[in-house]
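Next come the chains, spelled out residue by residue.
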Amino acid sequence: MTKSLKALAAAAALTAAGAASATPSTTVWTPATTYTQPYLVPHLTYDTYVAEKGMLQNTYGLTVGVIPGDKVQGEVGFDVFYPGFTGDYLQLNGKVTVAENLVGAWSPALSVGIANAGFEKDVSDYDLLHATLGKTLPVGTLGIGGYYGAGSALLWTGSGGAVSRGGFMASYVSPDIKVALPGLEKVVLSADYASGKNWFGAVAAAASFYFTSNVSLLTGPVFFLDTDLYKRAYGSDFMWTAQLDVDIPFKK
């Protein structure tokens with residue numbers, strides 16, 4: 001298949017499948033964070049990405065912490081997408097995290113995981129492997145890491161027709177900005193970046209509004225690096241995201 005045909009096929013696949021905006025613990029767009037869902041605390045999320053001429057599928061996700069203790073943590077989850085363009089559009093995610101300061105005050109946290117693990121070939125099998133180092137500083141939390149797309153080559157094909165599976169990730173999360181108003185406890189600013197001329201490469205920034213300690217709304221812009229791929233698929237290389245997140249702490 002020529003590069004031009006591969007590029008058209010990649011855009012068509014992206015339109016049919018929808019970009020895999022999965023919902024493990026993320027910063028804005030990427031899983032470049034060492035934050036891990038607390039043990040046995042379910043996390044519900046509803047994510048949207050919209051532009052004037054198109055939108056990604058809505059994402060409905062559930063993630064829960066599965067490892068007790070503070071030194072090593074873990075989470076698993078799943079996502080479903082609607083409107084569904086296929087009869088089987090389910091993705092799984094999971095990761096394990098070694099806590100910050102475990103071997104000394106200098107030591108960062110380390111997370112290793114997988115996201116966007118689907119079951120339908122060339123539609124949902126992105127299989128995004130990722131690893132991130134994170135460190136909390138007085139100015140905020142910084143994350144740096146990388147990713148590799150182990151799934152379908154078609155889904156990791158960029159607008160130029162070349163398969164681009166791997167890249168660099170980075171993130172920043174600000175300290176809490178205390179508001180302490182009725183209905184709004186705090187605001188947190190965040191940004192992240194993923195390199196790569198593929199569906200995943202993007203830079204994003206957002207503000208998270210915490211109505212309570214367990215309910216928040218994250219919102220902000222996402223700019224995709226493979227502008228031609230997204231323009232062909234959705235008519236826009238930019239989308240605005242709104243992500244509603246709810247923790248359900250059954251146990252204090």
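Notes on the structure in this doc start here. Please read all numbers here as calculations on a predicted model, not as lab measurements.

### Details of the nonpolar core
Consideration 1: Residues Trp 29, Trp 199 and Phe 200 are the most contacted members of the largest nonpolar core, which totals 29 residues.
Consideration 2: Counting residues per element, this core draws most heavily on helix H2 (residues 227–234), which supplies four residues.

### Brief notes about the layout of surface pockets
Consideration 1: Volume-wise, the largest pocket comes out at about 1,000 Å³.
Consideration 2: What lines the largest pocket is a set of 46 residues, and nearest its centre among them are Ser 25, Thr 26, Thr 33, Tyr 35 and Tyr 210.
Consideration 3: For the lining of the largest pocket, the secondary structure elements donating two or more residues are strand S1 (42–50), strand S6 (128–137), strand S7 (140–149), strand S8 (166–173), strand S10 (184–194), strand S11 (202–212), strand S12 (215–224) and strand S13 (238–247).
Consideration 4: When residues of the lining of the largest pocket are assigned to their parent elements, the largest contribution, four residues, is made by S6.
Consideration 5: Residues belonging to the lining of the largest pocket are distributed by class as follows: 15 nonpolar, 25 polar and six charged.

### Re the pairing of S7
Consideration 1: With ten bridges joining them, S6 and S7 adopt antiparallel strand pairing. When the bridges of S7 are listed, Ala 131 appears paired with Gly 146.
Consideration 2: Hairpin geometry of S6 and S7 is characterised by an intervening segment of two residues between the two adjacent antiparallel strands.
Consideration 3: Pairing geometry for S7 and S8, over eight bridges, is antiparallel. Across the sheet, residue Gly 143 finds its bridge partner in S8, namely Ser 171.

### Quick look at the packing of aromatic side chains
Consideration 1: Under the criterion given, the structure shown has 15 aromatic pairs.
Consideration 2: For the ring pair Tyr 147 and Phe 200, a centre distance of 4.7 Å and an interplane angle of 75° mean the geometry is edge-to-face. Highlighted residues: Tyr 147 in strand S7 and Phe 200 in the loop between S10 and S11, separated in sequence by 53 residues. Like Phe 200, Tyr 147 is buried.
Consideration 3: Ring geometry for Phe 224 versus Tyr 230: centroids 3.7 Å apart, planes at 0°, classification stacked. An identical accessibility class is assigned to Phe 224 and Tyr 230; each is buried.
Consideration 4: One aromatic cluster in this structure is built from Trp 29, Tyr 49, Tyr 126, Tyr 147, Trp 156, Trp 199, Phe 200, Phe 224, Tyr 230 and Tyr 234.

### Here's the deal with the side chain of Ser 164
Consideration 1: Note that Ser 164 resides in the loop between S7 and S8.
Consideration 2: Apart from residues no more than four positions distant in its own chain, Ser 164 is found in contact with Trp 156, Gly 196, Lys 197 and Asn 198.

### Things to note about unusual backbone geometry
Consideration 1: The backbone phi angle of Leu 40 is positive, close to 60°, even though this residue is not glycine.
Consideration 2: Locating Leu 40 in the fold gives a position in the loop between helix H1 (3–17) and S1.
Consideration 3: Located in the positive-phi region is Asn 101, a residue other than glycine, with phi close to 65°.
Consideration 4: If you trace the backbone, Asn 101 turns up in the loop between strand S4 (90–98) and strand S5 (109–118).

### What to know about the environment of Ala 131
Consideration 1: With respect to the helices, strands and loops of the structure, Ala 131 is situated in strand S6.
Consideration 2: Since its relative accessible area comes to 30%, Ala 131 is described here as partly exposed.
Consideration 3: Distance in space between the C-alpha atoms of Ala 131 and Ala 32 is 7.5 Å, their sequence separation being 99 residues.
Consideration 4: Discounting residues that sit within four places of it in the chain, Ala 131 has contacts with Ser 111, Val 112, Ile 144, Gly 145, Gly 146 and Met 169.

Here is what the cut-offs are and how they apply
- Residues numbered from 1 in each chain as written.
- Predicted model: local features only at pLDDT ≥ 70, side-chain atom pairs only at ≥ 80, totals over all residues.
- Heavy atoms only, no water.
- Core = buried A, V, L, I, M, F, W, Y, C linked by side-chain atoms within 4.5 Å.
- Buried < 20%, exposed > 50% of the residue type's maximum accessible area, 1.4 Å probe, protein only.
- Helix = DSSP H or I, 4+ residues; strand = E, 2+ residues; numbered from the N terminus.
- 1 Å grid on protein atoms, 1.4 Å probe; cavity = no way out; pocket = protein on both sides within 12 Å on 5 of 7 lines; lining within 4 Å.
- Points joined across faces, edges and corners; volume = space filled by probe spheres on them.
- Nonpolar A, V, L, I, M, F, W, Y, C, P; charged D, E, K, R; others polar.
- Pairing = 2+ DSSP bridges.
- Phe/Tyr/Trp six-rings, centres within 6.5 Å; stacked < 30°, edge-to-face > 60°.
- Contact = heavy atoms within 4.5 Å.

Function-wise, these values are silent; they only describe arrangement.
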